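Examination of the molecular architecture
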There are 2 protein chains.
Amino acid sequence: MENNSEMKTNLTMLTDFYEITMANGYFTNGHRDTVVYFDMFFREIPDNGGYAIMAGVQQLVDYLENLKFTPEDLEYLRGCKIFSEEFIGYLRDFRFCCDVWSVPEGMPIFPGEPILTVRGPVIQAQFIETMILLTVNHQSLIATKANRICRAAQGRPVMEFGSRRAQGADGAILGARAAYIGGCCGTACTICDREYGVPALGTMAHSWIQLFDSELEAFRAYAREYPRNCTLLVDTYNVLKSGVPHAIQVFREEILPRGFRPGGIRIDSGDITYLSKKARKMLDDAGFPDCKICASNSLDEYIIRDMLMQGAKVDSFGVGERMITSSSHPVFGGVYKLSGVEGKDGVVTPKIKISENVSKITTPGFKKLWRLYDRSSGKALADVITLSDEVIDDTRPYEIFDPNFVWKRKTLTNFRAEDIRVQLFQNGRCLTRKQPLKELQSYCCEQVDTLWDEVKRFENPHKYYVDLSQKLWDVKSRLISEYSFGPNA
Amino acid sequence: MENNSEMKTNLTMLTDFYEITMANGYFTNGHRDTVVYFDMFFREIPDNGGYAIMAGVQQLVDYLENLKFTPEDLEYLRGCKIFSEEFIGYLRDFRFCCDVWSVPEGMPIFPGEPILTVRGPVIQAQFIETMILLTVNHQSLIATKANRICRAAQGRPVMEFGSRRAQGADGAILGARAAYIGGCCGTACTICDREYGVPALGTMAHSWIQLFDSELEAFRAYAREYPRNCTLLVDTYNVLKSGVPHAIQVFREEILPRGFRPGGIRIDSGDITYLSKKARKMLDDAGFPDCKICASNSLDEYIIRDMLMQGAKVDSFGVGERMITSSSHPVFGGVYKLSGVEGKDGVVTPKIKISENVSKITTPGFKKLWRLYDRSSGKALADVITLSDEVIDDTRPYEIFDPNFVWKRKTLTNFRAEDIRVQLFQNGRCLTRKQPLKELQSYCCEQVDTLWDEVKRFENPHKYYVDLSQKLWDVKSRLISEYSFGPNA
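Residues numbered from 1 in each chain as written. Chains lettered and ligands numbered in written order. Predicted model: local features only at pLDDT ≥ 70, side-chain atom pairs only at ≥ 80, totals over all residues. Heavy atoms only, no water.

- An unreviewed UniProt entry lists chain A under the name Nicotinate phosphoribosyltransferase, from Caproicibacter fermentans.
- What UniProt records for chain A under Function (unreviewed entry) is the sentence "Catalyzes the first step in the biosynthesis of NAD from nicotinic acid, the ATP-dependent synthesis of beta-nicotinate D-ribonucleotide from nicotinate and 5-phospho-D-ribose 1-phosphate."
- Under the UniProt heading Pathway (unreviewed entry), the note attached to chain A is "Cofactor biosynthesis; NAD(+) biosynthesis; nicotinate D-ribonucleotide from nicotinate: step 1/1." (UniProt positions renumbered as here; feature names shortened; annotations may be inferred.)

Printed below as a string of structure tokens:
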């Protein structure tokens, strides 16, 4: 259930100022109707991981559907005194009419591939750059991090607890949304439950314990109030000498109605690996082997992995700041680059951006993105970028090659080729339906399962192949040569 | 000019779910009218800096002024099936009635001091925890980072360019606001200009150059369109062989109307230190010594400092992802802890949270925060936290001491003591007026000037003193002893 009642801020003007100066310049320089292609791609996987997770697509759709310039926006622009009145009139009558293709939310994505393509009038396609990048960069960052953390937890539930350390309200709300897509079971962020249906979870803070005359009284009050899933925070004073014994005492006092079992305890400080083992034994010995232990406090995938390696008896994790900001790698570096210009005759002239840094050279042209799956194992073998009029025939052997080291070649057989992007907009009309988040989470989980374990490693993962078709490689090579003999000026 | 026309999202439900379960529990456990004190403080300065900058206070005020539960919120809570109907009725009639004190926006702040205090019914004071932390943590993080980056630029203008890599829309908009308080001269984020009056700046992207038949044509078109402050992006093909020569050619062609001088060039890739020196010479030789050079591309305080040390000829900087996410330290770890409970007789019982980690032990009681300035130099000497009924008499010598190493003592004379917090709310009524951002920026600059250079160092800064009054130290020591002999259960 998603209901955006309170969230309808018009973000049309959340755009870099240069998008507007350029739009105005295109308008007055004969490019009002010039149709272009832009690709979004990224260059580096956060945390040196083997893959990232696409997310934020629904918010991008919402943004594009709500694009409109209010009278206040136009007044503001007029006040800048650099935009022509004709251009402001164009914005007043603005109707979004681009085509947009995107990898679906929840799917693994890899560097260098066009995860999103926009085709349309350059004024429009340029204008939406900032929000496309902001939306997809942010949520892909958090979904990718959450997926890593959930993997480290090896099937144990992970809860998103980071609102208070998020970078702004959207950072909290949409970050929690993305974390859910990436695999988290819920969030502490209440509004994200109300708006997006991500289950909100939480029990008590230390202040609850402090307010009562004693820890025991605080636990008793809580157990009376919330007999279902009663989880007690045990580290306000001393976990093993006070918190756990008091929790056990309350569980024994049969404050919980008949038929209710104790929910669990939460440890939020100290050496959680050690404390959890001791607490587990105390709970087991007291006859509460089904009482869960939840851990929180500056966790991330590395700490969780180490805790579990050392035998921590933790049943679920609450993860805060390190997930909601992806603190070890807080930027998803997606970029948005011009890849082609369409002539009046419909022919696309490919465009390239050259750089001394090879990874910064763009791949020109209007393209398609294919994922090749092994038919017997179902595993993803490689992604191949082709020109848009190419089809990969998966009934015959297909040779892939490394676009930088072309002698590295491999012939695939018995595979299935899938054009993995979906069209979100056609001439400005939205073609997709809003999917329940639960479906996106399941989809993400299924898609990550198509990756080999070698790609999923935390350290030094196998580099998944992202190759170009021969035809696309030829176009790119030709353009690189042309520009290498000097700029085309 | 601030006009929040489009920004009025009701964020009442942006709260951790446990704030609501606790609020409901307080309500039904006889704590409906219990008055408590909460302090916000932080433990660590980002990037090992010598100080942080307080920011986000205005957005906190906005949030508190707009606190209300809509029928949809109440329906949502009712649907959770764990809250009493009386409690939901209480929320329906909710009227914020707390007192709030805060360090003003733009002021340097230090670890361990109560930068914000809330006094009021525990249900309310607890409920607002999440948004207090989110708002102040986020903007203080970015203002602190921006202040570092601006300091590295040694007076050269720094522009905030990070929207596309921000963690959500608020990350971009309010991040740009905080960056402006911290010292940036403007932002690329247009909506932040319209909403908060932060000057929006920007010229062109590489796609502008690519769209035209040649770089030269692209430059000419831009110069015709924007003769005022015409800044050309020179690194699409080759900075020294193509970009700068073409820029000079356009400047010479007198496309700019009489009386207009070329604005500048922007270099967005490559070895900017080297390129800027070469470009400077080319521009000077061509008769454009007043043409500015702007640098961008993954900059931060360290890179800017190194560039300037090596003699880069850069007049202004555009800083993106590393400022808008504070990427080297993306979390401001402010916390919000119960510090006291007020009896019906008005007497405050101080409360403490113990931890094995000394820096995690809270400072109990209702407190005041003083800054002591040297009367001759105007420099800040130390902050002193006292109980709220204490006054520091600055007409007499005053002895300060390290609260952890009490033999470290120092007697101050000829100083001025200022109670640096302002009251934002009294019984729920807002006492402050919205200040223009420009004023907050100037205030920040003045206040940072009161710090010694030793505190402002990037590496290994002098640790600014944050001490306790003797009376407060006694209270804290007593409570620590009480809990060290076992929990009070």
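Re the state of the cysteines
All names here are of chain B.
- One pass over the full model with this rule turns up zero disulfides over all chains.
- The thiol of Cys291 is not disulfide-bonded; the next cysteine sulfur, from Cys230, is found 8.7 Å away.
- With no disulfide of its own, Cys294 has Cys185 as its nearest cysteine by sulfur position, at a separation of 9.1 Å. (Disulfide = S-S within 2.5 Å.)

Observations concerning the interface of chain A and chain B
- On the side of chain B, 104 residues touch chain A, which itself brings 105 residues to the contact.
- Taking both sides of the interface into account, the surface hidden between chain A and chain B amounts to around 8700 Å²; carbon and sulfur atoms contribute 57%.
- Area buried by chain A at its contact with chain B is led by Arg164(A), Gln167(A) and Leu211(A), which between them contribute 10% of it.
- The interface formed by chain A and chain B holds eight salt bridges in total.
- A salt bridge links Glu19(A) to Arg164(B); the nearest nitrogen and oxygen atoms lie 3.6 Å apart.
- The interface formed by chain A and chain B includes 46 residue pairs in polar contact (both at pLDDT 80 or more).
- Residue contributions to the side of chain A that touches chain B peak at 10 residues, all from helix H1 (residues 17-28) of chain A.
- Tallied by class, the residues present in the side of chain A that touches chain B amount to 48 nonpolar, 35 polar and 22 charged. (Contact = heavy atoms within 4.5 Å. Buried area = accessible area lost by both parts, 1.4 Å probe. Salt bridge = Lys/Arg side-chain N within 4 Å of Asp/Glu carboxyl O. Polar contact = N/O pair within 3.5 Å; in protein donor to acceptor, adjacent residues only side chain to side chain. Helix = DSSP H or I, 4+ residues; strand = E, 2+ residues; numbered from the N terminus. Nonpolar A, V, L, I, M, F, W, Y, C, P; charged D, E, K, R; others polar.)

Quick look at the side chain of Arg194(B)
All names here are of chain B.
- Within the secondary structure, Arg194 is located in helix H8 (residues 190-196).
- Given the relative accessible area of 4%, Arg194 is considered buried.
- Among the polar contacts listed, one links the side chain of Arg194 to the side chain of Glu195, at a separation of 2.4 Å. (Buried < 20%, exposed > 50% of the residue type's maximum accessible area, 1.4 Å probe, protein only.)

Describing helix H6 (residues 129-152) of chain B
- Between its terminal C-alpha atoms H6(B) stretches 34 Å, which fits the 34 Å expected from 24 residues at 1.5 Å a residue.
- The element H6(B) is extensively covered by neighbouring structure, given that 23 of its 24 residues are classed as buried. (Expected span 1.5 Å × (residues − 1).)

Regarding the sheet that holds strand S21 (residues 465-468) of chain B
All names here are of chain B.
- One open sheet accounts for four strands, arranged S18-S14-S15-S21; its pairing is mixed. In this open sheet, the two strands that pair with only one neighbour each are strand S18 (415-419) and S21. Strand after strand, the sheet turns through a mean of 25 degrees between neighbouring axes, direction not considered.
- Where strand S14 (residues 367-374) meets S18, five bridges bridge the pair, whose relative direction is antiparallel. Each bridged residue has a counterpart across the sheet, and for Trp370 the counterpart in S18 is Asp419. (Pairing = 2+ DSSP bridges. Axes fitted to C-alpha atoms, helices over the stretch in contact; angles between N-to-C directions.)

Observations concerning unusual backbone geometry
All names here are of chain B.
- One non-glycine residue, Asn414, adopts positive backbone phi at about 50 degrees.
- By the secondary structure assignment, Asn414 is in the loop between strand S17 (409-412) and S18.
- A relative accessible area of 43% places Asn414 in the partly exposed class.
- The phi angle at Asn460 is positive, at roughly 55 degrees, despite the residue not being glycine.
- Inspection of the secondary structure assignment puts Asn460 in the loop between helix H16 (453-456) and S21.

Structural notes on the packing of helix H7 (residues 169-182) of chain B against helix H15 (residues 437-449) of chain B
All names here are of chain B.
- Two numbers describe how H7 lies on H15: the axes approach to 7 Å, and their chain directions differ by 45 degrees. Taken together, H7 and H15 sit at an angle that is classed as oblique. Touching Arg177, Tyr180, Ile181 and Gly182 of H7 are Leu437, Lys438, Leu440, Gln441 and Cys444, all from H15. (Parallel < 35°, antiparallel > 145°, perpendicular 65-115°, else oblique.)

Remarks on the UniProt feature "domain: Nicotinate phosphoribosyltransferase C-terminal" (unreviewed entry) in chain A
- If you check UniProt for "domain: Nicotinate phosphoribosyltransferase C-terminal" (unreviewed entry), the listed places come out as residues 367-476 of chain A in our numbering.
- Helix makes up 22% of residues 367-476 of chain A and strand 36%, with an end-to-end C-alpha separation of 12 Å.

A few points about the nonpolar core
- Residues Phe317(A) and Phe317(B) are the most contacted members of the largest nonpolar core, which totals 316 residues.
- Apart from residues no more than four positions distant in its own chain, Phe317(A) is found in contact with Ala153(A), Arg156(A), Pro157(A), Val158(A), Met159(A), Ala295(A), Leu299(A), Ile304(A), Met307(A) and Leu308(A). (Core = buried A, V, L, I, M, F, W, Y, C linked by side-chain atoms within 4.5 Å.)

A look at the packing of aromatic side chains
Residues and elements named next belong to chain A.
- Counting across every chain of the model gives 46 aromatic pairs over all chains.
- On the numbers, 3.9 Å between centres and 15 degrees between planes, the contact of Phe110 with Tyr464 is stacked. A residue pair is termed long-range when its members are at least 10 positions apart, and Phe110 in the loop between strand S4 (108-109) and strand S5 (116-121) and Tyr464 in the loop between helix H16 (453-456) and strand S21 (465-468) qualify at 354 residues. Like Tyr464, Phe110 is buried.
- Ring centres of Tyr302 and Phe458 lie 6.4 Å apart, and the angle between their planes is 55 degrees; on these two criteria the pair is classed as tilted. Taken together, the positions of Tyr302 in helix H13 (residues 301-309) and Phe458 in the loop between H16 and S21 put the pair 156 residues apart, joining distant regions of the chain. (Phe/Tyr/Trp six-rings, centres within 6.5 Å; stacked < 30°, edge-to-face > 60°.)

Section: the packing of H1(A) against helix H4 (residues 85-92) of chain A
Residue and element names in this part refer to chain A.
- Taken N-terminus to C-terminus, the directions of H1 and H4 make an angle of 110 degrees; their axes are 10 Å apart at the nearest point. Accordingly, the angle class assigned to the pair H1 and H4 is roughly perpendicular. Seen from H1, the contacting residues are Ile20, Ala23, Asn24 and Phe27; seen from H4, they are Glu86, Phe87 and Tyr90.
- Of the residues belonging to the contact of H1 with H4, the class tally is five nonpolar, one polar and one charged.

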